[in-house]
Amino acid sequence: MVIVLAGNPNVGKSVVFHGLTGRYVEVSNFPGTTVSVSQGRLGSHTVVDTPGVYGLSRFTAEERVAVEALRTADIIVNVVDARHLPRDLFLTLQLTELGRPVVVVLNMMDEIRRDHVFLDADGLEEALGVPVLKAAAVRGEGIVELRQRLGGPAGPPPAPPMFWTKLADPVRRLDAIDRLLWWEEDATLIRTVGAGPAPGQQEVVYTRRRQAADDLAHRFFRVATSAKWPERIDRLLMNPWTGLAFVAALLVGVYESVGVLVANRLVGWAELTLQSTWVPAVETGLAHVVTPGSLIFRLLAGEYGLLTSTVTYLLALLLPLVTGFYLLLAVLEDSGYLPRLATLLDGWFLRVGLNGRAVIPLVLGFGCVTMATLTTRILSGERERTIVTVLLAWTIPCSAQMGVITGLLAGLGWPYALAYAMTVLTLFVAVGTMLDRMLPGEPVPLLLDLPPLRLPRPGNVFYKTRQQILGFLWEAAPLFLMGNLVIEMGKLTGGLGWLERMLGPLVTGWLRLPPATASAFVLGFIRRDFGTVALYQADMAPHQILTGAVTLTLFVPCIASTLVLFRERGVKNGAAIWLGSIFVALLTGGLVARLAP
Amino acid sequence: MAERGMSMRLSDVGRGRRVTVVKVADPRLRPQAARLGIQAGVLLLVKAVVPQGPVIVQTGPVTVAVGRRLAARIEVHPWTRKPV
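Residues numbered from 1 in each chain as written. Chains lettered and ligands numbered in written order. Predicted model: local features only at pLDDT ≥ 70, side-chain atom pairs only at ≥ 80, totals over all residues. Heavy atoms only, no water.

### Here we look at the packing of helix α11 (residues 229-238) of chain A against helix α15 (residues 337-350) of chain A
Residues and elements named next belong to chain A.
Then, number 1: Between α11 and α15, the least distance of the axes is 9 Å, while the angle of their chain directions is 40°. Classified by the interaxial angle, the pair formed by α11 and α15 is oblique. Here α11 runs over α15; the crossing is right-handed. Side by side, α11 and α15 meet where Asp234, Leu237 and Met238 of the first sit next to Tyr337, Arg340, Thr343 and Leu344 of the second.
Then, number 2: Class assignment of the residues belonging to the contact of α11 with α15 gives a composition of four nonpolar, one polar and two charged. (Axes fitted to C-alpha atoms, helices over the stretch in contact; angles between N-to-C directions. Helix = DSSP H or I, 4+ residues; strand = E, 2+ residues; numbered from the N terminus. Parallel < 35°, antiparallel > 145°, perpendicular 65-115°, else oblique. Left-handed = near helix turned anticlockwise from the far one by under 90°. Contact = heavy atoms within 4.5 Å. Nonpolar A, V, L, I, M, F, W, Y, C, P; charged D, E, K, R; others polar.)

### A look at the domain arrangement of chain A
Then, number 1: With domains assigned, chain A is organised as domain 1 (2-222) and domain 2 (240-443 + 456-595).
Then, number 2: Each of domain 1 of chain A and domain 2 of chain A has a C-alpha centre, and these two points are 40 Å apart. (Domains from an automatic or database assignment.)

### Let's talk about a nonpolar patch on the surface
Residue and element names in this part refer to chain A.
Then, number 1: On the surface, a nonpolar cluster with roughly 530 Å² of combined accessible area is contributed by Trp414, Leu418, Met422, Leu425 and Val429.
Then, number 2: Along the chain, Leu425 falls in helix α20 (residues 414-438).
Then, number 3: Here Leu425 falls in the partly exposed class, since its relative accessible area comes to 47%. (Patch = residues over 30% accessible without salt bridge, like charges linked within 9 Å, V, L, I, M, F, W, Y side chains within 5 Å. Areas by Shrake-Rupley, 256 points an atom, 1.4 Å probe, with all protein chains shown as cover. Salt bridge = Lys/Arg side-chain N within 4 Å of Asp/Glu carboxyl O. Buried < 20%, exposed > 50% of the residue type's maximum accessible area, 1.4 Å probe, protein only.)

### Observations concerning the nonpolar core
Residue and element names in this part refer to chain A.
Then, number 1: In this structure, Leu321, Leu354, Val359, Leu362 and Tyr420 are the most contacted members of the largest nonpolar core, which totals 103 residues.
Then, number 2: Per element, the largest residue contribution to this core is ten residues, and it comes from helix α14 (residues 309-335).
Then, number 3: Membership of the second largest hydrophobic core comes to 47 residues, among which are Val4, Ile112, Leu128 and Val132. (Core = buried A, V, L, I, M, F, W, Y, C linked by side-chain atoms within 4.5 Å.)

### Overview of the interface of chain B and chain A
Then, number 1: Of the residues lining the interface, 30 residues belong to chain B; the matching set on chain A comes to 37 residues.
Then, number 2: Buried area between chain B and chain A, summed over both chains or domains, comes out near 2900 Å², and the portion from carbon and sulfur atoms is 63%.
Then, number 3: Of all residues in chain B, the largest losses of buried area upon contact with chain A belong to Arg35, Pro61 and Arg69 of chain B, amounting jointly to 26% of the total for that side.
Then, number 4: Here Glu231 of chain A and Lys47 of chain B are joined by a salt bridge, their closest N and O atoms 3.1 Å apart.
Then, number 5: Here chain B is connected to chain A by ten residue pairs in polar contact (both at pLDDT 80 or more).
Then, number 6: When residues of the side of chain B that touches chain A are traced back to their parent elements, those giving at least two are α1 (30-35), β5 (62-66) and α2 (68-71) of chain B.
Then, number 7: Broken down by element, the side of chain B that touches chain A gets its largest block of residues, six residues, from α1 of chain B.
Then, number 8: Of the residues belonging to the side of chain B that touches chain A, the class tally is 15 nonpolar, seven polar and eight charged. (Buried area = accessible area lost by both parts, 1.4 Å probe. Polar contact = N/O pair within 3.5 Å; in protein donor to acceptor, adjacent residues only side chain to side chain.)

### Some remarks on the side chain of Thr465 of chain A
Residue and element names in this part refer to chain A.
Then, number 1: Take Thr465: it is sitting in helix α21 (residues 458-493).
Then, number 2: Its relative accessible area of 4% is what places Thr465 among the buried residues.
Then, number 3: Looking at Thr465, its side chain comes within polar contact range of the main-chain oxygen of Val461, at 2.6 Å.
Then, number 4: Sequence-distant contacts of Thr465, that is, excluding residues within four places in its chain, are made with Thr323, Tyr326, Leu327 and Ala330.

### Some details on the packing of aromatic side chains
Residues and elements named next belong to chain A.
Then, number 1: Enumeration over the complete set of coordinates arrives at three aromatic pairs over all chains.
Then, number 2: When the centroid spacing of 5.3 Å and the interplanar angle of 45° are considered together, the rings of Phe90 and Tyr206 count as tilted. Here Phe90 is found in helix α3 (residues 85-95), whereas its partner Tyr206 is found in helix α10 (residues 201-220), with 116 residues between them in sequence. For the pair formed by Phe90 and Tyr206, the shared burial category is buried.
Then, number 3: With 5.4 Å between their ring centres and 65° between their planes, Trp182 and Trp183 make a pair best called edge-to-face. (Phe/Tyr/Trp six-rings, centres within 6.5 Å; stacked < 30°, edge-to-face > 60°.)

### What about the pattern of salt bridges?
Then, number 1: The full count for this structure, using the stated rule, is 23 salt bridges over all chains.
Then, number 2: Across the salt bridge formed by Glu68 of chain A and Arg71 of chain A, the nearest N and O atoms sit 3.1 Å from each other. Linking Glu68 of chain A with Arg71 of chain A, this pair stays in helix α2 (residues 61-71), spanning three residues, or about one helical turn.
Then, number 3: For Arg210 of chain A, the salt bridge identified is with Asp214 of chain A, shortest N-O distance 3.7 Å. Note that Arg210 of chain A and Asp214 of chain A are positioned in helix α10 at a spacing of four residues, about one turn of the helix.
Then, number 4: Overall, Arg210 of chain A belongs to the buried group, its relative accessible area being 4%.
Then, number 5: Residues joined by salt bridges that share partners form a network here, namely Glu63, Glu97, Glu184 and Arg209 of chain A together with Arg35 of chain B.

### Looking at the environment of Ile177 of chain A
Residues and elements named next belong to chain A.
Then, number 1: With respect to the helices, strands and loops of the structure, Ile177 is situated in helix α8 (residues 176-183).
Then, number 2: In this structure Ile177 comes out as buried when scored by relative accessible area, which is 4%.
Then, number 3: Put simply, Ile177 and Glu126 are 51 residues apart on the chain and 24 Å apart in space, counted from C-alpha to C-alpha.
Then, number 4: For Ile177, the contacting residues outside a window of four places in its chain are Val67, Leu70, Arg71, Leu98 and Arg100.

### Re unusual backbone geometry
Residues and elements named next belong to chain A.
Then, number 1: In this model, Arg512 sits at a positive phi of 55°, which is unusual for a non-glycine residue.
Then, number 2: As for its position among the elements, Arg512 is in the loop between α22 (495-510) and α23 (518-526).
Then, number 3: For Arg512, a relative accessible area of 42% corresponds to the partly exposed category.

### A short note on the sheet that holds strand β3 (residues 45-49) of chain A
Residues and elements named next belong to chain A.
Then, number 1: Read from one edge to the other, the open sheet built from six strands follows the order β2-β3-β1-β4-β5-β7, with strand pairing classed as mixed. The outermost strands of the open sheet, each flanked by one partner alone, are β2 (38-42) and β7 (132-134). Each neighbouring strand pair of the sheet contributes to a mean axis angle of 25°, computed without reference to strand direction. (Pairing = 2+ DSSP bridges.)

Shown next, in the form of structure tokens:
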């Protein structure tokens, strides 16, 4: 039997899914973070988690994914944010029209109790004609009851709404989901049926459903006056002055915590520790087995040795930095701050052809550009997706790279950090404006649900960070080994020297960097941050570090995000974006080299 | 009553005002707006207005940021306690 979880965005579907199947899906306080479908098992049943949607049709990628998943459902579990019952009931009513058994889970009941909200679950159960369970999935409450309910026999599907019985034949014979899509004026189904609903009918159905939802909410749900502090904070966060001041404070906080504390102190300490204990131990140990100076010895314990420098960079440098960034991002996501940021920046984003929603992939890009490129699916249209993908590939440094860059620049003092930020920001605006002018059409206006602000939950933040660090090590470690192997082999065969001579004029002449940094660019192809790590080693003047940091930020995305880029944008556009990044990186880098004091 | 002639755009409504929606004149976003509870006949409280930016409205317990260009296409009436 197939159990499909469905609900509005940000209602805790992923937590319920985890409770049922033991499988972890990323959880955040931002609408629309589940873009694809996750599957798990509950006994002999398959459980499917779907992206959050406000209604069923095929307007957006999430809705298309959710609708297709619901076709396979034997039972639908509708997860509802009890605090938002009037909103969520709209989808609940649609789901009960699909001719399949439905179980409604009222989630977030802990907050309902805390805020003394009146919610009559029994009354709702009777009115809807489907089982209604209470839960607080984050605390594990109600999961056992849900499991039991799903283990027992499924109830009958709810009765179809009255107006369906009045439908003419081709429509009545459609599958319940197709019938719903036909009402939604879905182009494919209008073609199948041969005619659409009468003009204005869709609105009539919508209004009727909305009214039914409001009636239910009115009878079974009453909000107590809510606490005032989230309201006040909300207002401050979205006021242009205080809001931007908060963004600035946040950036300074990141600079101080990740840049100074983690990147300099912690990394310095970790590096020193590993270099004085682990590295000599490996060298002496290895000397017993392999002749020092031989090919294998150099591959394993040489300058880019797999067991020495690779391990040191990965564990002492990249790991603390990446952890710092993921932790910060997890806190921001879980608190519900990002939609506020989206709202605050909407007016500005319109100037680069985007609406505030684009904040999400862009901010996530600071975590991992690859993942962020996938999240561009939440954007309203192709135009927005193209613009954001280009901006991500060109101007957004990922956490690993950002960590290293912050570390490098923090060593130089804040004027350099500021110069770096301004250069990248200027380019961001220039590229966005250019694309906005070039691409036909105009940005779709913002329409964004603002989830309540909440204190980040340590559990969520911890899980999310852990998951991302594991992903990072899983993805980064092999590539890093490979990259260092390539470099070391290049050194031994003289290939690297040749490449450095080839790139020499570009690196020394145009970018005015030491010839040795050519290897940074070679490494940058493999993973963006590796290139930046290579800058650490080169002996450079402050303005050269700035040039290097800017150029490598804009330089080609890593292998993983290149693959995603090609998959999402197609070979032609993907290649154009990829080559464009090299051109833009070198152009900007050269200018910085000439203009920086 | 005079209300008929007092129709205005959501983008012109000040903070703290209550309005009822007359029409969402953007066919592309109308269904999405309806799902978030913004549709003809609904009472909205304007919670905040970001200058040059979105209008933040509350309907029931749900808070929604409405982009300025969309807000300019949502026709509203000032809300009066006594229904006409």
